[in-house]
Amino acid sequence: METLDDLFEMQLKDLYSAENQLVKALPMMAAKAKDSRLRAGFEQHLRETQKQVERLERIGKNLDFSLDGHTCKAMAGLITEGQETMSERATDEVMDAALIAASQRIEHYEISGYGTAAHFAERLGHNEAANLLRQSLEEEQLTDTKLNDLAKNYLNVKAM
């Protein structure tokens, strides 16, 4: 890497890999969730994540960046931790609280990634890319807020 453009491309590849891994993991999380609101939230976020993958593909195509060939090890680790949590024996309420905790770790990683990539895109004058990345960033922030509200106002109390 020699330029911010090189770093930006690397960030896009990382996000693309992360989101594709999450597309595979979210159905498992939805299936494990017992609370109907949590399950619906995972299903909604799966649809958003699929759109985020499409946005990243659009950015890659527009900027002539190949997004394939990279594995986001951080997302792989977060998903592995989530899978380990899902294999634990727990009450339904505690499992739902654990799913939210694992999901928020993932959301915070994505928020960081989209925020950084959007800033790089702005600095590089890639205005359309910056707008698309900010749209995904806003979705991730909203998902995190919804998970937080569900945990604090309902599921964590049930898990006590």
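Report follows, based on the coordinates. What you see is a predicted model, and the numbers here were worked out from it, not measured in a lab.

## Considering the nonpolar core
Burial of nonpolar side chains together is a common tendency in soluble globular proteins.
Then comes step 1: With 23 residues, the main nonpolar core has Leu 26, Leu 38, Phe 42, Met 75, Leu 99, Ile 100 and Ile 106 as its most contacted residues.
Then comes step 2: Sorting the residues of this core by element identifies helix 1 (4-32), helix 2 (36-63), helix 3 (73-86), helix 4 (92-124) and helix 5 (127-159) as the ones contributing at least two each.
Then comes step 3: At 6 residues, helix 1 tops the list of elements feeding residues into this core.
Then comes step 4: Not counting residues up to four positions away in its chain, the partners in contact with Met 75 are Ala 18, Gln 21, Ile 106, Tyr 109 and Glu 110.
Then comes step 5: Counting residues in each nonpolar core, the second largest holds 20 residues, with Leu 56, Leu 67, Tyr 114 and Phe 120 among its members.

## A word on the packing of aromatic side chains
Then comes step 1: In total, this model carries 1 aromatic pair according to the counting rule given.
Then comes step 2: Ring centres of Phe 8 and Phe 65 lie 6.1 Å apart, and the angle between their planes is 70°; this geometry places the pair in the edge-to-face category. You can see Phe 8 sitting in helix 1 and its partner Phe 65 sitting in the loop between helix 2 and helix 3, a full 57 residues away along the chain.

## With respect to the environment of Leu 155
Then comes step 1: For Leu 155, the location among the structural elements is in helix 5.
Then comes step 2: The class of Leu 155 is buried, set by a relative accessible area of 1%.
Then comes step 3: Sequence separation between Leu 155 and Glu 93 is 62 residues, and the spatial gap between their C-alpha atoms is 6.6 Å.
Then comes step 4: Excluding anything up to four places from it in sequence, Leu 155 contacts Asp 35, Leu 38, Glu 93, Asp 96, Ile 100 and Leu 150.

Rules of the game
Residues numbered from 1 in each chain as written. Predicted model: local features only at pLDDT ≥ 70, side-chain atom pairs only at ≥ 80, totals over all residues. Heavy atoms only, no water. Core = buried A, V, L, I, M, F, W, Y, C linked by side-chain atoms within 4.5 Å. Buried < 20%, exposed > 50% of the residue type's maximum accessible area, 1.4 Å probe, protein only. Helix = DSSP H or I, 4+ residues; strand = E, 2+ residues; numbered from the N terminus. Contact = heavy atoms within 4.5 Å. Phe/Tyr/Trp six-rings, centres within 6.5 Å; stacked < 30°, edge-to-face > 60°.

Shape is all these values report; function is a separate question.
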